[in-house]
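# Observations on chain architecture
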Amino acid sequence: VHDVVNLRLPAYRASTPAHAYARLVRRTVRGAAAVIAVSQHAKQEILELLAVPEERIHVIAEAPAARYRRVTDPVRLRAVREKYGLGPRFVLNVGGMDLRKNLAGLIGGFAAVYHELNDRELKLFIAGEPDRLGTSPIYPDWRPLTATFGIGDQVVCMPVAEDDLPALYSAATCFAFTSLYEGFGLTPLEAMACGAPVVCSKRTSLPEVVGRAGLLIDPEDPDQLGEALLRVLTDRERREDLSARGLAHVKHFSWDKAAVETAALYAEVSGNRND
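Anyway, here's the lowdown on the structure attached to this text. (Residues numbered from 1 in each chain as written. Predicted model: local features only at pLDDT ≥ 70, side-chain atom pairs only at ≥ 80, totals over all residues. Heavy atoms only, no water.)

## Let's talk about the pattern of salt bridges
If you walk through the whole model with that rule in mind, you get 15 salt bridges. With a closest N to O distance of 2.7 Å, Arg-8 and Glu-45 form a salt bridge. Pair noted here: Arg-8 is in helix α1 (residues 5–8) and Glu-45 is in helix α3 (residues 40–50), with a separation of 37 residues, a long-range link. Exposure remark for Arg-8: the relative accessible area of 30% places this residue in the partly exposed category. Relative accessible area serves as the criterion here: at 7%, Glu-45 is assigned to the buried category. For Glu-182, the salt bridge goes to Lys-101, with nearest N and O atoms at 2.6 Å. On the criterion of sequence distance, the pair formed by Glu-182 in the loop between β6 (174–177) and α8 (186–193) and Lys-101 in the loop between β3 (90–93) and α5 (103–117) is long-range, its members being 81 residues apart. Residue Glu-182 is classed as buried on the basis of its relative accessible area, which comes to 5%. Note on Lys-101: relative accessible area 6%, which makes it buried. (Salt bridge = Lys/Arg side-chain N within 4 Å of Asp/Glu carboxyl O. Helix = DSSP H or I, 4+ residues; strand = E, 2+ residues; numbered from the N terminus. Buried < 20%, exposed > 50% of the residue type's maximum accessible area, 1.4 Å probe, protein only.)

## Some points on the packing of α5 against helix α10 (residues 222–234)
Packing of α5 against α10 brings their axes to within 8 Å, and their N-to-C directions diverge by 50°. In terms of orientation, α5 and α10 fall into the oblique class. Classified by chirality, the crossing of α10 by α5 is right-handed. Contacts between α5 and α10 pair Gly-105, Leu-106, Gly-109, Phe-110, Val-113, Glu-116 and Leu-117 from the former with Pro-222, Leu-225, Gly-226, Leu-229, Leu-230, Leu-233 and Thr-234 from the latter. (Axes fitted to C-alpha atoms, helices over the stretch in contact; angles between N-to-C directions. Parallel < 35°, antiparallel > 145°, perpendicular 65-115°, else oblique. Left-handed = near helix turned anticlockwise from the far one by under 90°. Contact = heavy atoms within 4.5 Å.)

## Section: the packing of aromatic side chains
Taken as a whole, this structure holds 6 aromatic pairs when the rule is applied. Centre to centre, the rings of Phe-175 and Phe-177 are 6.2 Å apart; their planes meet at 15°, and the pair counts as stacked. When sorted by exposure, Phe-175 lands in the same class as Phe-177, which is buried. Seen from their ring centres, Phe-184 and Phe-253 are 6.2 Å apart, and the 80° between their planes marks the pair as edge-to-face. Of this pair, Phe-184 sits in the loop between β6 and α8 while Phe-253 is found in the loop between α11 (236–249) and α12 (255–274), placing the two residues 69 residues apart along the sequence. Phe-253 shares its class with Phe-184; the two are buried. Chaining the aromatic ring pairs together yields one cluster made of Tyr-68, Tyr-169, Phe-175 and Phe-177. (Phe/Tyr/Trp six-rings, centres within 6.5 Å; stacked < 30°, edge-to-face > 60°.)

## A short note on the side chain of His-41
For His-41, the location among the structural elements is in helix α3. Taking the relative accessible area as the measure of exposure, His-41 reaches 17% and is therefore buried. Ignoring sequence-local partners within four residues, the contact set of His-41 consists of Tyr-181, Glu-182, Thr-204, Ser-205 and Glu-208.

## Some details on the state of the cysteines
Per the counting criterion, the structure on display carries 0 disulfides. Summary of cysteine pairing: Cys-174 is not part of a disulfide, and the nearest cysteine sulfur, belonging to Cys-200, is at 11 Å. No disulfide involves Cys-194; its nearest neighbouring cysteine sulfur is the one of Cys-174, lying 14 Å away. Overall, Cys-194 belongs to the buried group, its relative accessible area being 1%. (Disulfide = S-S within 2.5 Å.)

What follows is the structure, encoded as structure tokens:
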């Protein structure tokens, strides 16, 4: 069980498929010999909302894929900037555009920083498919906000090829993640693995995953978010420190470790059932 967002946030259980999925999860989890949660926070959510005995829930963390490594080749970095219309300085967001990602909050914080710095080269890049915006309450259209804040030309939103992500993370001046709810929160770790300084929400699982390797902020406090972005964008030493801390921190997460722990749990469950 990666998360129980559809049980925690009402907007995510508004549709008939969402109700059906919630019933399926409840039924499956209650009949399972063991449940894997991806974080301690996810475990607590399962305990509270699905009423599974604690001894049946096992936390096995996720990890960035091996392809997420720091890119230092200037030709490759320049190529990815040119491909996505980015200059030498940009704030990057990767991780989805649904309601809980709080992109409106990110845009507000970025707008404040942009107007304070008055740097026309500075951009906010949001990875995603803009055609989804406004198609349902789960995908609110934040584009009018960019015009309201006077940053319409500074915000870029388009899909990103997976092969480009390591270079895009590596090229970013700052990676900003303002989500309100995550079962784990993989993209901040991907960014760290590529050396990007991370500013991240301190909600749900994210403090557990990001730890002290990123600047943790209240995602619904635009002043706090703006101050953190400003610190990263204007202080080279702070960027380098966050980058180094992120590269060290991400080493604690490994798919090899997850595989070993998962195999051991399967063996345990299989043995218990045979008994």
